[in-house]
Amino acid sequence: MPFVPPDFAIPAGLRTADFILRPLTIHDLVKDYAAVMTSRERLLGLFGPESDWPRADMTLEEDLVDLGWHQGEFDRRRSFAYTVMAPQGDGEGECLGCAYIHPAERAGYEAKAFCWVRRSAADLDGSLFAAFRDWIAADWPFSRVAYPGRDMSWADWAAI
């Protein structure tokens, strides 16, 4: 079964006064790498307690590989990664973080989603999460989305 229906129009993103959410691509490499590496301690465990992402020795080239994988998955409609950018005039400023929508591997859920903001934008974490969650509920075709580490503990997620 496909992650999203073949005729579903993938949302282009979300814009608020505080951030722009749009598809993550390899062209975001330099800004993404800076956001990730300056926020490493804040991001450890984002994808689960056993996750070592981002490693302290992650290179720019390894981040490029990650971004290429995310872009390819998005293009194939298998998972969706969005960058979170600061609005700046009519364009974008620094990368504030990322948001991800993946298929859920647990019964009762269609998707699992994660988002993060860089250390220097920590005050936006709550508003990003609320907007991200509302956007998924309003614009995506999922009836059950899990937010492990946010709306349930990792232990509860593992027990499903």
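See the structure shown above.
All figures in this text were calculated on a predicted structure; none of them were measured in a lab. (Residues numbered from 1 in each chain as written. Predicted model: local features only at pLDDT ≥ 70, side-chain atom pairs only at ≥ 80, totals over all residues. Heavy atoms only, no water.)

## Details of unusual backbone geometry
Then step 1. The step from Trp53 to Pro54 runs through a cis peptide bond, and the omega angle for that step is -5 degrees.
Then step 2. Note that Pro54 resides in the loop between α2 (40–43) and α3 (60–75).
Then step 3. A positive phi angle is found at Arg77, which is not glycine, with a value near 65 degrees. (Helix = DSSP H or I, 4+ residues; strand = E, 2+ residues; numbered from the N terminus.)

## Considering the pattern of salt bridges
Then step 1. Applying the stated criterion across every chain, the model contains twelve salt bridges.
Then step 2. For Asp28, the salt bridge is made with Arg22, and the minimal N-O distance between the two is 2.5 Å.
Then step 3. Overall, the relative accessible area of 7% leaves Asp28 in the buried class.
Then step 4. Ionic pairing is found between Asp151 and Arg133, a salt bridge with its closest N-O pair at 3.3 Å. Placement of Asp151 in the loop between β6 (145–146) and α5 (154–159) and of Arg133 in helix α4 (residues 125–139) is noted, with a sequence separation of 18 residues between them.
Then step 5. For Asp151, a relative accessible area of 35% gives the class partly exposed. (Salt bridge = Lys/Arg side-chain N within 4 Å of Asp/Glu carboxyl O. Buried < 20%, exposed > 50% of the residue type's maximum accessible area, 1.4 Å probe, protein only.)

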